[in-house]
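The lines below spell out each chain.
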Amino acid sequence: MAKLAYLGPEGTFTEEALRLMEPDAERLPCPTVAAALNAARSGEADGAVVPLENSLEGAITTTLDEFAWGDPLLITAEVLLPVRFSLLARPGTELVHIKRVYSHPAAITQCRGFLSRELPDAVVVAAPSTAAAAQEVSLPGSPYDAAIAAPIAGEHYGLVEVAANIGDRPDTMTRFVRVGRPGTLPEPTGADRTTLVVFLADDHPGALLEMLTEFSVRGVNLTRIESRPTGDGIGRYFFHFDLEGHVADARVGEAISGLHRICSEVRFFGSYPRADRVSPQIKRGMDDSDFTEAAAWLSRIRAGDV
Ligand SMILES: O=C(O)C(=O)Cc1ccccc1
């Protein structure tokens, strides 16, 4: 049975994602995404489940940065989870009593409408996770009056729901990934995603366009692109890419080798089945058989066989 680290404590959305992905896994709750990834890196756990992006706010940057800078990890699976936020408080609390709200930044940004409409004067403070916020609010003498978290966190920590479904959009989805130490990749399924982090060789006009061209000329569609600061000064960025397809697909392999030739570093974070099972549209001439046929043709003409 696999032991999986995750952003805890019990009752986070990440735990829900983990249960969906691997219902029988042993669970190791960790206080931060960094701690969960490090538990996977050190071998304390067999892998980790972490949130990566959501459909309203985009990337969860702490996860992206931890991926980029630590020892390599490979993503082996993903899951999409609809998230529903509740305002949870100690029994007897009413909306008018709530002056200080505690929650994970991704939850706070997705409930901005509710907070500004219903609690315009409340101070809102960032917590390590939604369940950590609920746990803290449950303590007698807590400086916080309410947490934004999943309803299940209320059950875990003895809080009541002051307001339900307080997210700005009812249909928000979050993408979570399961990561593990480098090893065998999942087999291609025909509906896969590949994740990369790319560092530029040098900054010059058109550097981003040159990277994108490697994908474009081979008909590789991107599903996410993010620039993140390298920390080396204003204007210095590296890039995250999620793209359609598996590194075993000729067009994806060729595009990534192209990036490897022109960039200072390409970090490969895995090829894994897409949770939504959407297959890419393969442009004319971009199928594996087209690449094989073209390579054979090139060998022939190199041998003078015209
Ligand atoms: O804090 C949690 O429960 C998490 O799993 C992180 C998170 C927060 C808000 C939306 C999705 C994931």
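Just so we're clear, the structure is a prediction, and the values are computed from it rather than from any experiment.

**A short note on the side chain of Glu-226**
Position of Glu-226 among the secondary structure elements: in strand S13 (residues 222-229). Reaching out from Glu-226, the side chain makes a polar contact with the side chain of Arg-224 at a distance of 2.8 Å. Residues within four places of Glu-226 in sequence aside, it is in contact with Ala-59, Leu-64, Phe-238, Phe-239 and His-240.

**Overview of the UniProt feature "domain: Prephenate dehydratase" (unreviewed entry) in the protein**
Listed under "domain: Prephenate dehydratase" (unreviewed entry) in the UniProt record, and renumbered for this structure, are residues 3-181. Helix makes up 32% of residues 3-181 and strand 32%, and the two end C-alpha atoms of the span are 13 Å apart.

**Brief notes about the nonpolar core**
Ranked by internal contacts, the top residues of the largest apolar core, which has 29 residues, are Phe-85, Leu-87, Leu-119, Ile-148, Ile-166 and Phe-176. Secondary structure elements with two or more residues in this core: strand S1 (3-7), helix H1 (13-21), strand S5 (74-82), strand S6 (86-89), helix H4 (105-110), helix H5 (112-118) and strand S9 (146-149). Of all the elements, H1 adds the most residues to this core, at 4 residues. Taken domain by domain, the makeup of this core includes at least three residues from each of domain 1 (1-82 + 172-183) and domain 2 (86-163). Ignoring anything within four residues of it in the chain, the contact list for Ile-148 reads Phe-85, Ser-86, Leu-87, Val-101, Tyr-102, Ser-103, Ala-107, Cys-111, Leu-115, Thr-130 and Ile-166. Core analysis: the next-biggest nonpolar cluster, separate from the first, contains 26 residues, Leu-52, Phe-67, Val-177 and Phe-238 among them.

**Remarks on the sheet that holds strand S14 (residues 237-244)**
Strand pairs in the sheet, formed through backbone hydrogen bonds, run parallel or antiparallel to each other. The antiparallel open sheet is built from 4 strands, whose spatial order is S13-S14-S12-S15. If you trace the sheet from one side to the other, it starts and ends with S13 and strand S15 (263-273), each paired once. In this sheet, neighbouring strand axes are inclined to one another by 15 degrees on average, regardless of whether the strands run parallel or antiparallel. Bridge count for strand S12 (residues 192-200) against S15 is 8 bridges, and the pairing is antiparallel. Residue pairing for S15: Leu-196 is matched across the bridge by Phe-268.

**Describing unusual backbone geometry**
That bond from Gly-8 to Pro-9 is cis: its omega, -5 degrees, falls within 30 degrees of zero. Positive phi is not limited to glycine here, since Asn-165 has a value of about 50 degrees. Secondary-structure assignment places Asn-165 in the loop between strand S10 (160-163) and strand S11 (173-180). Unlike most non-glycine residues, Arg-277 shows phi in positive territory, near 60 degrees. Overall, Arg-277 belongs to the partly exposed group, its relative accessible area being 46%.

Reading the values: the criteria
- Residues numbered from 1 in each chain as written.
- Predicted model: local features only at pLDDT ≥ 70, side-chain atom pairs only at ≥ 80, totals over all residues.
- Heavy atoms only, no water.
- Helix = DSSP H or I, 4+ residues; strand = E, 2+ residues; numbered from the N terminus.
- Polar contact = N/O pair within 3.5 Å; in protein donor to acceptor, adjacent residues only side chain to side chain.
- Contact = heavy atoms within 4.5 Å.
- UniProt positions renumbered as here; feature names shortened; annotations may be inferred.
- Core = buried A, V, L, I, M, F, W, Y, C linked by side-chain atoms within 4.5 Å.
- Buried < 20%, exposed > 50% of the residue type's maximum accessible area, 1.4 Å probe, protein only.
- Domains from an automatic or database assignment.
- Pairing = 2+ DSSP bridges.
- Axes fitted to C-alpha atoms, helices over the stretch in contact; angles between N-to-C directions.

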